[in-house]
Amino acid sequence: VITKEMTPPQRILFPPEKICMNWRQIRRPGAGLCNLGSTCYINVVLQCLTYTPPLANYLLSRQHSQFCGQQGFCMMCIMEAHVRKVLYSSASAIQPRAVIRDLKFIGEFKPDIPGDAYEFLCCTFNAMQGACLSGSRDLDISSQATTIIHQIFGGFLRYRVMCLSCQAVSDSYKAFLDILLKIKAASSLTIALEDFVRPKQLDGEKCLKCSKCKKKVSASKRATIHHAPRVLTVCLGRADDRSSRKISQVVEYPEYLDLQPYMSDTTQESLLYSLYAVVVHSGHTCLGGHFFCYTKASNGLWYKMDDESVDGCDIHTVLGQQAYLLFYIR
């Protein structure tokens, strides 16, 4: 949803001061997840969300289920039960049966057909956001962005269009829960982000009507991060638009990322994020292959999570992967 101006929310659905960014409890890593058909794409998303400290803290407190009035499917209740099971279980692996059972409510997925981890992440975000908005969907955009989900993962992009004839500027804003980056010409995450915020020229068929010039004109359009999320989720777009083949090039990504150069206001001081989860896809096409992930547990150590197996590893291994999804925490 794109809005022309950023207005203060009419209602605050979850008070931001109640979000705890650091783990409340330090424990060993939880259980692995059984592959129930072709469900590795589901497992990696569930594991990355389980090891997102502010989300896990909230879910472990059972604040949602205590007051949930939803009948039937509720993604927040499912995630709450799942995270508790993974982190408190003494088993080496558990079956995410509740998630598989309700797949049809999350998106167009079937457990015996391979799916895409990014698509499943987006659908899971939407389902959790929908659960938090239950009974209050007629709220303004700013109020919808005050759910616990949006306050953790959400931010706003600003799109600034400038007429190249009269230099008139118009801004619009779009809420986001993740950022999809083109990587075809990018050897690193920072280069991909620089390309994301680089002004794009609109001319020829893409000309826009200028409200000041009263005619179609060439313009430049630039996206910047206007409001930064607490947790930044990035998809390195490895699907080739023209074919089903995967863009397999190496894209380097840092353990610590400064988001400040990509903000609307670049005069502020640095905005540092720390990597805590990475999803990797192995295979030559985006339609098949296998997903596994690396997550940083509450004990500060990294683990490779590949369905049922959970094995310790170091940061050098984590940073040397052909990453697909990256999770950074402020």
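Read on for a plain summary of the structure.

The rules behind these values
Residues numbered from 1 in each chain as written. Predicted model: local features only at pLDDT ≥ 70, side-chain atom pairs only at ≥ 80, totals over all residues. Heavy atoms only, no water. Axes fitted to C-alpha atoms, helices over the stretch in contact; angles between N-to-C directions. Helix = DSSP H or I, 4+ residues; strand = E, 2+ residues; numbered from the N terminus. Parallel < 35°, antiparallel > 145°, perpendicular 65-115°, else oblique. Contact = heavy atoms within 4.5 Å. Nonpolar A, V, L, I, M, F, W, Y, C, P; charged D, E, K, R; others polar. Salt bridge = Lys/Arg side-chain N within 4 Å of Asp/Glu carboxyl O. Buried < 20%, exposed > 50% of the residue type's maximum accessible area, 1.4 Å probe, protein only. 1 Å grid on protein atoms, 1.4 Å probe; cavity = no way out; pocket = protein on both sides within 12 Å on 5 of 7 lines; lining within 4 Å. Points joined across faces, edges and corners; volume = space filled by probe spheres on them. Core = buried A, V, L, I, M, F, W, Y, C linked by side-chain atoms within 4.5 Å.

Re the packing of helix α4 (residues 75–88) against helix α7 (residues 117–132)
- The contact between α4 and α7 brings their axes to 7 Å, and the two run at 110°. The pairing of α4 with α7 is recorded here as roughly perpendicular in orientation. Mapping the contact onto sequence places Met 75, Met 76 and Met 79 in α4 and Thr 124, Ala 127, Met 128, Ala 131 and Cys 132 in α7.
- Considering only residue class, the contact of α4 with α7 consists of seven nonpolar, one polar and no charged.

Digging into the pattern of salt bridges
- The final tally for this structure, using the stated rule, is four salt bridges.
- For the salt bridge of Asp 195 with Arg 198, the shortest nitrogen-to-oxygen distance reads 3.1 Å.
- On the basis of relative accessible area, Arg 198 is assigned to the partly exposed category, the value being 42%.

Some thoughts on the packing of helix α2 (residues 53–60) against α4
- The N-to-C vectors of α2 and α4 enclose an angle of 100°; their axes lie 9 Å apart at closest approach. Classified by the angle between their axes, α2 and α4 sit roughly perpendicular to one another. Note on element contacts: α4 touches α2 through Met 76, Met 79, Glu 80, Val 83, Arg 84, Leu 87 and Tyr 88, opposite Ala 56, Tyr 58, Leu 59 and Leu 60.
- Here the residues of the contact of α2 with α4 are counted per class, giving nine nonpolar, no polar and two charged.

Examining empty space enclosed by the protein
- A full pass over the atoms with the stated rule returns three cavities of 30 Å³ or more.
- When its volume is computed, the largest cavity comes out at roughly 50 Å³.
- Around the largest cavity, the lining residues are Phe 14, Lys 18, Ile 19, Cys 20, Arg 24, Pro 54, Asn 57, Tyr 58, Gln 63 and Ile 148.
- Looking at the lining of the largest cavity, its residues break down into six nonpolar, two polar and two charged.
- Its boundaries defined by the atoms lining it, the second largest cavity holds a volume of some 40 Å³.
- Lining the second largest cavity are Asp 116, Arg 238, Lys 246, His 281, Cys 286, Phe 291 and Tyr 324.
- Tallied by class, the residues present in the lining of the second largest cavity amount to three nonpolar, one polar and three charged.

Topic: the nonpolar core
- One finds Met 76 and Phe 153 to be the most contacted residues of the largest nonpolar core, which totals 63 residues.
- Sort the elements by how many residues they give to this core and α7 lands first, with eleven residues.
- For Phe 153, the contacting residues outside a window of four places in its chain are Leu 49, Thr 52, Leu 55, Phe 125, Phe 176, Leu 177, Pro 229, Val 231, Thr 233 and Tyr 276.
- Ile 179, Val 197, Tyr 253 and Val 278 belong to the second largest nonpolar core, which has 38 residues in total.

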